[in-house]
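# Observations on the model geometry
Below are the chains, spelled out letter by letter.
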Amino acid sequence: RKLARKARSFQVKSLDTEQHIRPVATFLQSLGASEEQIRRIVVSYPPVLLKPVGELEALLAYLEEKAGCSIGEEGGRDVVSLLASRPSLLGLKAEENLAKIVEWLEFEGYSKDDIVDYLCRSI
């Protein structure tokens, strides 16, 4: 019964192409993401379509600054490759969640390469 009540109260947000999908897709394209990478990100983590682009920009800026990722870099530190392999990272808020994880890893002595590897495998 409790589950049935929860299911009735659950509401699915409708998506508007111009308001939700296009801004996120355009933003990912501006980072150099291919259509296949965008598809993989959206299919693996659909809530990304409801994220404001400003929130995504803050997350990527944090990944660049603290984890040493960059746009278009070869060798596994490219932020688009990281997001395509671990779309769930997009669910984190840079200053609330991700900062705590990265700061703890830095405190424990992990290098930037180790931090990126951890993010790719664990989250």
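A short tour of the structure in this document, coming up. Not measured: the values here are computed from a predicted model.

Per the secondary structure count, the protein chain includes 7 helices and 0 strands. Of all 123 residues assigned to the protein chain, the portion counted as buried reaches 33%. Relative to all contacts within the protein chain whose residues are 6 or more apart in sequence, the contacts with residues 24 or more apart total 65%. Carbon and sulfur atoms provide 51% of the accessible area of the protein chain, an area that totals close to 7,700 Å².

It is worth spelling out helix H2 (residues 17-30) at this point. Considered for burial, the residues of H2 that qualify are His20, Val24, Phe27 and Leu28. Gly32 lies just past H2 and shows a positive phi near 100°.

Inspection of the entire model under this criterion finds 3 salt bridges. Put simply, Glu36 and Arg40 hold a salt bridge, and the shortest N to O gap is 3.7 Å. Placement of the pair is Glu36 and Arg40 together in helix H3 (residues 35-44), with a separation of 4 residues, close to one helical turn. Since its relative accessible area comes to 38%, Glu36 is described here as partly exposed. Among the ionic pairs, Lys51 bridges to Glu55, the shortest N-O distance being 3.0 Å. With relative accessibility at 14%, the residue Lys51 sits in the buried group. By sharing partners, the salt bridges in this structure join Glu36, Arg39 and Arg40 into a single network.

Within the element layout of this structure, Phe27 appears in helix H2. Judged by relative accessible area, Phe27 falls into the buried class, the value being 11%. Taking the C-alpha atoms as reference points, Phe27 and Leu56, separated by 29 residues in sequence, lie 8.7 Å from one another. Those residues within four positions of Phe27 in sequence are excluded, and the remaining contacts are Val53, Leu56, Glu57 and Leu60.

Relative to the assigned elements, Gln37 resides in helix H3. Gln37 has contacts with Gly32, Val80, Ser81 and Ala84, leaving out every residue within four places of it along the chain.

Turning our attention to the nonpolar core. Leu28, Val48, Leu63, Leu83, Leu90 and Leu98 are the most contacted members of the largest nonpolar core, which totals 30 residues. Taken together, the elements giving at least two residues each to this core come down to H2, H3, helix H4 (53-67), helix H5 (79-85), helix H6 (94-107) and helix H7 (112-122). Residues contacting Leu28, with those up to four places away along its chain left out, are Ala33, Ile38 and Ile41.

This part takes up the side chain of Lys51. Tracing the backbone through its elements, the reader meets Lys51 in the loop between H3 and H4. Within polar-contact distance, the side chain of Lys51 engages the side chain of Glu55 at 3.0 Å. Non-local contacts of Lys51, meaning those with residues more than four positions away in its chain, are made with Val24, Tyr45, Leu56, Leu90 and Gly91.

Let us now look at the environment of Gln29. Mapped onto the secondary structure, Gln29 falls in helix H2. Considered as a pair, Gln29 and Val80 are 51 residues apart in the sequence and their alpha carbons are 9.6 Å apart.

Quick notes on the rules
- Residues numbered from 1 in each chain as written.
- Predicted model: local features only at pLDDT ≥ 70, side-chain atom pairs only at ≥ 80, totals over all residues.
- Heavy atoms only, no water.
- Helix = DSSP H or I, 4+ residues; strand = E, 2+ residues; numbered from the N terminus.
- Buried < 20%, exposed > 50% of the residue type's maximum accessible area, 1.4 Å probe, protein only.
- Contact = heavy atoms within 4.5 Å.
- Areas by Shrake-Rupley, 256 points an atom, 1.4 Å probe, with all protein chains shown as cover.
- Salt bridge = Lys/Arg side-chain N within 4 Å of Asp/Glu carboxyl O.
- Core = buried A, V, L, I, M, F, W, Y, C linked by side-chain atoms within 4.5 Å.
- Polar contact = N/O pair within 3.5 Å; in protein donor to acceptor, adjacent residues only side chain to side chain.

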